[in-house]
Amino acid sequence: MIDHQKLGVAIPASVEKLQSLFGDAPEVAVVLGSGWAGAASLVQDAKSLAYTELPAFPQPKVEGHVNEVVVGRLGEQRVIMLRGRAHTYESGECTGMAGAIRTLKAWGVKLLLQTNASGSLRSHMPPGSLMLIADHINAPQRSPLVGEPGSGRFVDMVGAYDPELRRHALQLAKNEGLMLGEGTYCWALGPQFETAAEIRMFAAWGADAVGMSTVPETILARHAGLKVMGLALMTNMAAGLSAEALTHDLTLKQAQASGERAASFLAQLVASLKDVAL
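Please read all numbers here as calculations on a predicted model, not as lab measurements. Position labels on residues start from 1 in each chain and follow its written sequence. Predicted model: local features are reported for residues with pLDDT of at least 70 only, side-chain atom pairs are reported and counted for 80 or more only, and whole-chain, interface and lining totals are derived from all residues. Heavy atoms throughout the structure, all of them, feed into the side-chain values; hydrogens and water do not.

## Observations regarding the nonpolar core
Let me state the cut-off plainly: Residues belong to a common nonpolar core when they are buried Ala, Val, Leu, Ile, Met, Phe, Trp, Tyr or Cys residues joined through side-chain atoms within 4.5 Å. With a 1.4 Å probe rolled over the protein chains alone, any residue whose accessible area is under 20% of its type maximum counts as buried; one over 50% counts as exposed, and the rest are partly exposed. Per the convention used, a helix needs a DSSP run of H or I reaching at least four residues, while a strand needs a run of E reaching at least two, with both numbered from the N terminus. The contact definition used throughout considers only heavy atoms, calling two residues in contact when any of these lie within 4.5 Å.
Val69, Ile80 and Leu82 are the most contacted members of the largest nonpolar core, which totals 46 residues. The leading source of residues in this core is helix H1 (residues 4-22), at 6 residues. Look past the residues within four positions of Val69 in its chain and what remains in contact with it is Leu18, Phe22, Lys47, Ser48, Leu49, Tyr51, Leu54, Phe57, Ile80, Met81 and Leu82. Listed in part, the 34 residues of the second largest apolar core include Ala40, Leu113, Ala173 and Ala267.

Okay, here's the thing in structure tokens:
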């Protein structure tokens, strides 16, 4: 459960640090998952700060993640990018991003745009494809809001991935001639990959992609009152859908191969949000 006493001290201290270094908050925050890190290099007038300087932020220990925030602009849109997230499989707790997300809200951020690397359950979205997350399935049925006081913990998750912003992203992709799928993301706890039987079950439930992140952060963000968007980069076909053995190295390798195109679209999307009411 979330340590409210600890975060009650850590969040204001983190906000003060961000405010002193970067000034007022950008409207948009982006969580960079595997394969999306190149977007940080596209940020103009960029300044960075390590998570170790922000007491409410986690210290992830997963290969392929860098633990820092990058603040600057893409086009005319100011943005803060989070390079690294806490995963539930690291500790068994799904509250690892609570401090970071609540810090962003307290600072003044309005939108959390999440990115991840996923396994595809659909043949029309092969490795290298991008998918806009329309909804999610919380397969472990774990919630970072367990133990939260008050009626605010009963968060409505219908439309959690903002419908208006999804329409905007789809139209942008169409205008740019980019194939952008849309579908349902299924969160699996990990760290082991799913079995072929589990993938068949997830597909029957209506999942289009599977991964080990994103859902706890979405729940936390909606509880905090942030709008949410989500983009998934397909790095492999899910278990049983190809002859390829699943490994973390494979995920990182495919993410790197497709990362430039993913980062470019992400940068275009963030820049385009300057003209969207958040």
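Back to the write-up after that little detour.
## A few points about helix H6 (residues 215-224)
Counting buried residues along H6, 8 of its 10 residues qualify, which places the element largely inside the surrounding structure. Along H6, the residues classified as buried are Val215, Pro216, Glu217, Thr218, Ile219, Leu220, Ala221 and Ala224. At its buried positions, H6 is contacted by helix H2 (88-91), helix H3 (98-107), strand S5 (111-120), strand S6 (130-138), strand S7 (180-187) and strand S9 (227-237). Gly225 occupies a position one or two residues after H6 and carries a positive phi of about 95°.

## Considerations on the side chain of Glu217
When you line up the elements, Glu217 lands in helix H6. Looking at Glu217, the relative accessible area reads 3%, which means it is buried. Setting aside anything within four residues of it in sequence, one finds Glu217 in contact with Arg85, Met97, Ile101, Leu112 and Gln114.

## With respect to the packing of aromatic side chains
What counts is decided by this rule: When the centres of two rings from Phe, Tyr and Trp lie within 6.5 Å, Trp using its six-membered ring, the rings pair. Their planes under 30 degrees apart give stacked, over 60 give edge-to-face, and anything left gives tilted.
Inspection of the entire model under this criterion finds 3 aromatic pairs. Note on Phe22 and Trp107: the rings are 6.4 Å apart at their centroids and 50° apart in plane angle, and the pair reads as tilted. A residue pair is termed long-range when its members are at least 10 positions apart, and Phe22 in helix H1 and Trp107 in helix H3 qualify at 85 residues. Overall, the relative accessible area of 11% leaves Phe22 in the buried class. When the centroid spacing of 5.5 Å and the interplanar angle of 45° are considered together, the rings of Phe202 and Trp205 count as tilted.

## So, the packing of H3 against H6
Keep this limit in mind: To obtain each axis, a line is fitted to C-alpha atoms, and for helices this fit is confined to the stretch in contact; angles are then taken between N-to-C directions over 0 to 180 degrees. Each crossing gets its hand from how the near helix is turned against the far one by less than a right angle, where anticlockwise is left-handed and clockwise is right-handed. Here the nonpolar group is Ala, Val, Leu, Ile, Met, Phe, Trp, Tyr, Cys and Pro; Asp, Glu, Lys and Arg are the charged ones; every other residue, Gly included, is treated as polar.
The contact between H3 and H6 brings their axes to 10 Å, and the two run at 35°. Handedness of the H3/H6 crossing: right-handed. Mapping the contact onto sequence places Ala98, Ile101, Arg102 and Lys105 in H3 and Glu217, Leu220, Ala221, His223 and Ala224 in H6. Residue composition of the contact of H3 with H6, grouped by class: 5 nonpolar, 1 polar and 3 charged.

## With respect to the pattern of salt bridges
The test is simple: We count a salt bridge whenever a side-chain nitrogen from Lys or Arg sits within 4 Å of a carboxyl oxygen from Asp or Glu.
Applying the stated criterion across every chain, the model contains 8 salt bridges. Linking Glu53 and Lys17 is a salt bridge whose minimum nitrogen-to-oxygen distance equals 3.7 Å. One end of the pair, Glu53, is in the loop between strand S2 (44-50) and strand S3 (68-74); the other, Lys17, is in helix H1, and 36 residues separate them in sequence. Residue Glu68 is joined to Arg83 by a salt bridge in which the shortest nitrogen-to-oxygen separation is 2.9 Å. Here Glu68, found in strand S3, pairs with Arg83, found in strand S4 (residues 77-83); they are 15 residues apart in sequence, far enough to count as distant. Residue classification places Glu68 among the buried positions, given a relative accessible area of 18%.

## So, the environment of Val30
Along the chain, Val30 falls in strand S1 (residues 28-32). The buried category is assigned to Val30, whose relative accessible area is 0%. Note: C-alpha distance between Val30 and Leu111 (81 residues apart in sequence) is 8.3 Å. With residues near it in sequence (within four places) discarded, Val30 still touches Val79, Ile80, Met81, Leu82, Leu113, Thr115, Leu266 and Val270.

## Some thoughts on unusual backbone geometry
Of note, the amide linkage connecting Gly190 to Pro191 takes the cis form, showing an omega dihedral of 5°. Following the sequence through the fold, Pro191 ends up in the loop between S7 and helix H5 (196-205). A positive phi angle is found at Gln141, which is not glycine, with a value near 50°. For Gln141, a relative accessible area of 65% translates into the label exposed. Positive phi outside glycine occurs at Thr214, with the angle close to 80°.

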